[in-house]
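Residue-level structural notes
Each chain, letter by letter, is given below.
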Amino acid sequence: MRHRIAILGLATGLLLAACSSASPEAKDAAVSTPTSTEPTTTSIAAVDPTPTTTPARSPLAELVTPVGSAQYDPADHIDDRPLPTSITIEGIGITAAPVVDVGVKDNGDMEIPGADGVGWYRFNATPGEPGSAVLAAHISFDGQPGVFRYLDEASVGDRVVIQFDDGTTSEFEIIELDQYDKQELPTDRVFAKTGDPVLTLITCGGDFNRSLRSYEDNVVAYAIPIGV
Amino acid sequence: MKKLIAVFAATLMTLAIAAPAMAQSEARIHLIHGIPDTPVDVIVDGEAVFTDFNFGDTQDLSSLAGATLVGLQVVLAGTDTVAIDAGDVDLPASGNYSITANLDAVGTPTITVFANDTAAIDAGSGRLQVRHTAAAPAVDVKADGAVAFSNLSNPNEAKADLPAATYSVEVVPTGADEPVVIGPADIAVKDGESLIVYAVGSLEGGSLTVLTESITGLGAAPEAVPTGNSPVESGIPLGMVAGMLVIATIAVGGGLTLARRSN
């Protein structure tokens, strides 16, 4: 209330001006009338509202943080990232194996293409983006060797080349190979949405359980970008 | 009033020191300006918390969780014209909230508090929460041509978990196909994220549009990565030998292979 003492008459005039300028039509009308021979009250509306009071800065101001604009930006809703199309790991005999984008099955499992394909998990990063880009392929599918048949024989230092649908390629270097019991697959790490870019290659390994038609383990190779 | 603000002042240093820890607490409170073409100042107990707050701007009030905003007023920027006189407003002590300054159904500026749904989302899905905070009648919200949410009125919301994808969204009067009052606009529902879309502005004033905010980190990873349904031959050397084995398999087990393929 102590800030409201000031200049009531002037304030009222400007307030009316401010109110009318809040309407686009009123503002346009005001802007279009400066050639009028005699000044009218509408010309005041063309003037930006000037402070009639200067409220003290609240101590709360130190505790609030602007977090940008909520205005709709179409660019936020268009996914135009280059997508991976093939993978080459010469060290284990993989040459330009096709990569397709995959999601999740109804039972919550990651989708995996047939023996000849590699699935890129479309809900995570593309290779080279922040977070984990996940590529998975079979070790063996319906009696045929899968693309990642020999992933467990890759070595730290092996090069991985990813080709994208815009014609570009990115190179990665394997830095770590792990074998996990499937019940203990570190999904938080494997499917990390954030963090340094890592290319995570997954297949199966360990003993094959014939009754479940499934392997006991997952073999995971982690690779990081090189030459960037 | 004065007592409370005095309490704020007295605890300011404590709060400032505690702020990093509080930021990690569960409280997340955002204030969103949802009235087009109306820059405002936000006043608490006669003092400006922030000034020249513009349409779409968002302020994080999480550090004030549990506090009472005494005599909260929203005034037209740089003036004394009170657009919203909200009185004393208690901020939630914990939880995830969005507070909007918006128009009610008939165009009067008001404050609306929404609790955000932060329940876990299945892998491969995202959440869409749509809030009617515009001076407009009830609407239907269509996604890819089909009504996703019907008869949504100010200040209500509707929500659904959807397969993560980009949807073409239109807003039409309830029960009608046209006129399309907002959109069509591409809306990307992302894996593990809740996208909150606010219909804002005024139908009469021709300023209907949308604001958006998202809450991330609600998702899940796939349950498993099943990458093998048949055994590999054990004890067999690599490379060419494997190739030879394929040939041997064809030669010896051709009939069996054919039988399997016919399944």
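Residues numbered from 1 in each chain as written. Chains lettered and ligands numbered in written order. Predicted model: local features only at pLDDT ≥ 70, side-chain atom pairs only at ≥ 80, totals over all residues.

In this section: the overall build of chain A. Assigned secondary structure in chain A consists of four helices and 11 strands. The buried share among the 228 residues of chain A stands at 34%. Summarising the internal contacts of chain A: among those between residues at least 6 apart in sequence, 55% fall at separations of at least 24. (Helix = DSSP H or I, 4+ residues; strand = E, 2+ residues; numbered from the N terminus. Buried ≥ 20, exposed ≤ 12 C-beta atoms within 10 Å, placed from the backbone. Contact = placed C-beta atoms within 7 Å.)

The subject of this paragraph is the overall build of chain B. Helices and strands together make up the secondary structure of chain B, namely two helices and 16 strands. In chain B, 61% of the contacts between residues at least 6 apart in sequence involve partners at least 24 apart.

On to the interface of chain B and chain A. Listed by partner, the interface residues are 62 residues for chain B and 75 residues for chain A. Elements supplying a minimum of two residues to the side of chain B that touches chain A: α1 (2–23), β1 (28–33), β2 (40–44), β3 (47–53), β4 (57–60), β14 (182–189), β16 (209–215) and α2 (240–261) of chain B. With six residues, the top contributor of residues to the side of chain B that touches chain A is α1(B). Broken down by class, the residue content of the side of chain B that touches chain A amounts to 31 nonpolar, 20 polar and 11 charged. Pairing analysis gives three bridges linking strand β1 (residues 65–69) of chain A to β4(B), with the strands arranged antiparallel. Bridge pairing in β4(B) places A:Ser69 opposite B:Asp57. (Nonpolar A, V, L, I, M, F, W, Y, C, P; charged D, E, K, R; others polar. Pairing = 2+ DSSP bridges.)

Our focus in this paragraph is the sheet that holds strand β9 (residues 125–135) of chain B. Residues and elements named next belong to chain B. Within the open sheet, the four strands sit side by side as β12-β9-β15-β16. Their pairing is mixed. Edge strands, defined here as strands with exactly one partner in the open sheet, are β12 (157–163) and β16. Direction aside, neighbouring strands of the sheet carry axes that sit 20° apart on average. Note that strand β15 (residues 194–202) and β16 share seven bridges and pair antiparallel. If you follow valine 200 over to β16, its bridge partner there is threonine 209. (Axes fitted to C-alpha atoms, helices over the stretch in contact; angles between N-to-C directions.)

Our focus in this paragraph is the pairing of β15(B). Taken across its nine residues, β15(B) has eight buried, putting it largely inside the fold. Here β15(B) folds back onto β16(B) in antiparallel fashion, the turn holding six residues, of which B:Gly206 has a positive phi close to 70°.

A few words now on the nonpolar core. A:Leu135 and A:Leu201 are the most contacted members of the largest nonpolar core, which has 102 residues in total. Leave out the neighbours within four places in its chain, and A:Leu135 touches A:Ile87, A:Val99, A:Val118, A:Gly119, A:Trp120, A:Leu199 and A:Leu201. (Core = buried A, V, L, I, M, F, W, Y, C linked by C-beta atoms within 7 Å.)

This part is about the confidence of the model for chain A. With 77% of its residues at a pLDDT of 70 or more, chain A has an overall mean of 83. Contacts for the low-pLDDT stretch residues 1–47 of chain A, under 50 throughout, to residues beyond four places or in other chains number 52 contacts. (pLDDT = per-residue confidence, 0-100.)

Let us now look at the environment of B:Thr51. Residues and elements named next belong to chain B. For threonine 51, the location among the structural elements is in strand β3. With 18 C-beta atoms counted inside 10 Å, the residue threonine 51 sits in the partly exposed group. In the structure, threonine 51 is positioned 19 residues away from isoleucine 32 in sequence and 14 Å away in space, judged by C-alpha atoms.

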